[in-house]
Structure formats: structure tokens, C-alpha cells
Amino acid sequence: MAKRDEEVPYIVALTTYYSYAMLILIGYIRDMFGKMFKPSEYRRHRKGYAPLLEGFEDFYTRRLYLRIQDCWARPIASKPGAWIDVIHREFGDGKVASSKELVLKPDYSHCLNLGSYNYLGYGEVPGGVDEQVFSTLESHGVALGASAIESVPCEVVAKLERTVATFLGKEDAIVSGMGFATNAQLIPAVVGPGCLIMSDSLNHASIVVGARSSGAKISVFEHNDPESLEVELREAILEGQPNGEPWKKILIIVEGIYSMEGEVCPLPEIVVIKKKYGAYLYLDEAHSIGALGATGRGVTEYHGVSTADVDIMMGTFTKSFGSVGGYIASSKELINRIRYTSGGSVNAYPM
């Protein structure tokens, strides 16, 4: 079936833009009169110091977001399942225009949850799971109280890492306490200055942060386009480093499923290019692991690609598995390097 883009109704678009335009206009008018009649309230920095808050971002926070903040970040009083209990809130004195503080009310609404990554419903599995969690907390505590390098390894975490590695057909794995940090803090342990990263144009922000932090050269190719990848990769190899030396290492980074687009990456074609040019492949399966494939092993199983053809497999536990944290699975040598050199392992508390 051909993909059909849903068009926003004209009246919806018009009223939305009109509402924002009115908020902005009223905000600027209030600022103008406020600076004229209450100048002391607009002195937001000490004399001789540059302002910490300035520009449209400051204006947006004060005059727009704080007046419509009840539209976002709504707290719930239930498990994050298919149905959730959303707690009611109101502004301090009950008037949106004159108070910026939201106060929780004792009642709530039972709502259908359309904003969750709990794909398989594991965030609310009935029976058994809670008792296992409580039992583990009682026997092992909440945290080790130090980084994994400075303290003894936790047997529960070690078992989880072995389970992940076995599930994905890799030699070893390392887990992180945060999905975003898995990319942002562990990628710099894989590549560095003198290396080249080939990154899909719609890769997640965590990949962008990790790639920039690594110090490697970043080349972006068109989204989900193997031809663009090959063209950019071939050109980068021909040019080499600015000093004329060849790249120390080339790493292609793609996602299994792109969360904002819902598109699956053309993994077989990317693997062919990776082998042709001697590059390494880093696959982010934050959204595809557990959700794709006959047994939930992700985009490799979905496409019939061997995990041996993917050098580094990254994923998170926060989507299909209904938990927290992330992982990287690869060869034992690379996992040891990540474990003992990455900021996400050396300087962070383990799960």
C-alpha cells in the first residue's frame, strides 16, 4: 500500500498559528510596558555581567511556555500502560493568565495512552514482575555506590550483559543506566580523532552528541539512501584526512527503526557497502529490538541479516522491554575497551 501523508485541516492549522501569534504579540506588549513602568523586574543580571538569559528563548519561556505549560508533562498516578490515570492540575489561583505555578489536584482522568514506547506492554505485566524486582532490591540494594570500575561487579548486571550478548549472538555486551547516554557516552570510546563517521541525516540526537564528542570527522548521507552513503563514503576515502593520511577507522551509524519517521533501515544494502569499503557498522536498535523479527531480535532478524555482519549493536531497554537503560553488544575486545575507557562506564554509576 502506498504511503499516504495525513494533511492537517486548514482550520486547525489556522487556529494554532493564530493562537501562537496572539501569545507572542501580547507577550511583546507586556514586555514593552513592563520595561517602561517596572524596569527593576527586567534587570535579570548583575551590573558588569553578561546576562545568562537573553533573546527569544528567554521570551518564549516567560511569555509563552509558562502560560501554556499545562499542555505538556502531565503527571500520572498509574503504571504507564495502555490506559493511564492523568492527574489534574490548575494554576495556583485558578487563573491561567496571572499565575505560573501548577498545583496538583486530588482527582484524575482515566485516559488512553497514545504517547508511550511501551510497545509490547511489558510496562504493566500482571503478576510476578514486581515481586522479582523487590526481591532483587532486598538482596542487592539500589546501587553499588561507585562506578563499575571502582567497585566489584554486580552479579545481576553481569547476568544481564551475558543474556543480551547471547540473545544477539555476540561475544559480549555492556549495559548503561540510560538509553541516551549509551550513544552519547560510549561512541567516543569506539572512534576518535583521525576516524570517520558516516551518519544518517536523521539519526537520533544521542548519536549526534556521541559522534561530536568523539572528535572524529562526521560525514552525513541522505536518510535511508544506500546510494548516497556509497557516494559520500567513496569521496571521503579518496580525500582521506586533512593531513593526507588515510582514515584510521570508518564507522557507519544507522538506526533499525527511525522513531520520528517509523521507517526501517535498508540493512542488507548497507551491509554490502560496509563490506565493500572495509567500514565498521554501528546499528542503533532502540526502537527495533523486541518489536521487529519473528522472535523480537530486531532489524537483523527482520531482514534476514546475520548479526555477525553488524560490528556493534546498540539498543535500549526503555521501549519494547518496558524498563530503563541501554546496551552495546560486540566482540569481547571492543566491549572491554568500552568498559575501561568510556565516560559512561568509568565515571558513571552502573545499573
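Data block above holds the structure.
Since this is a predicted model, take the numbers as computed values, not measurements. (Residues numbered from 1 in each chain as written. Predicted model: local features only at pLDDT ≥ 70, side-chain atom pairs only at ≥ 80, totals over all residues. Heavy atoms only, no water.)

**Student:** Sorry if this is basic, but what is going on with the packing of helix 1 (residues 10–37) against helix 2 (residues 56–68) here?
**Tutor:** Between two packed helices, the angle of one axis relative to the other and the distance separating the axes together describe the packing. Between helix 1 and helix 2, the least distance of the axes is 10 Å, while the angle of their chain directions is 115°. In terms of crossing hand, the pair formed by helix 1 and helix 2 is right-handed. Packed against helix 1, whose contacting residues are Tyr20, Leu23, Ile24, Gly27, Tyr28, Arg30 and Asp31, the element helix 2 presents Phe56, Phe59, Arg62, Arg63, Leu64, Arg67 and Ile68 at the interface. Residue classes in the contact of helix 1 with helix 2 are distributed as 8 nonpolar, 1 polar and 5 charged. (Axes fitted to C-alpha atoms, helices over the stretch in contact; angles between N-to-C directions. Helix = DSSP H or I, 4+ residues; strand = E, 2+ residues; numbered from the N terminus. Left-handed = near helix turned anticlockwise from the far one by under 90°. Contact = heavy atoms within 4.5 Å. Nonpolar A, V, L, I, M, F, W, Y, C, P; charged D, E, K, R; others polar.)

**Student:** Explain the sheet that holds strand 9 (residues 280–284) here, please?
**Tutor:** If you trace the 7 strands from one edge of the open sheet to the other, you get 3-11-10-9-6-4-5, paired in mixed fashion. Only two strands of the sheet have a single neighbouring strand rather than two, namely strand 3 (172–176) and strand 5 (217–221). Strand-to-strand twist across the sheet, computed as the mean angle between neighbouring axes with direction ignored, equals 20°. In the packing of helix 8 (residues 267–277) onto the sheet, contacts are made with strand 6 (250–255) and strand 9, and the angle to strand 9 comes to roughly 155°. (Pairing = 2+ DSSP bridges.)

**Student:** What am I meant to see in the packing of aromatic side chains here?
**Tutor:** Aromatic rings considered in pairs are described by the distance between their centres and by the relative angle of their planes. Under the definition given, this model contains 7 aromatic pairs. Ring geometry for Tyr28 against Phe59: centres 4.1 Å apart, planes inclined by 10°, an arrangement best described as stacked. In this pair, Tyr28 is assigned in helix 1 and Phe59 in helix 2, connecting sequence segments 31 residues apart. Owing to a relative accessible area of 4%, Phe59 belongs among the buried residues under this scheme. Ring centres of Tyr65 and Trp72 lie 6.0 Å apart, and the angle between their planes is 25°; this geometry places the pair in the stacked category. Accessibility expressed as a relative area gives 30% for Tyr65, which makes it partly exposed. Taken together, the ring pairs connect Tyr28, Phe56, Phe59 and Tyr60 into an aromatic cluster. (Phe/Tyr/Trp six-rings, centres within 6.5 Å; stacked < 30°, edge-to-face > 60°. Buried < 20%, exposed > 50% of the residue type's maximum accessible area, 1.4 Å probe, protein only.)

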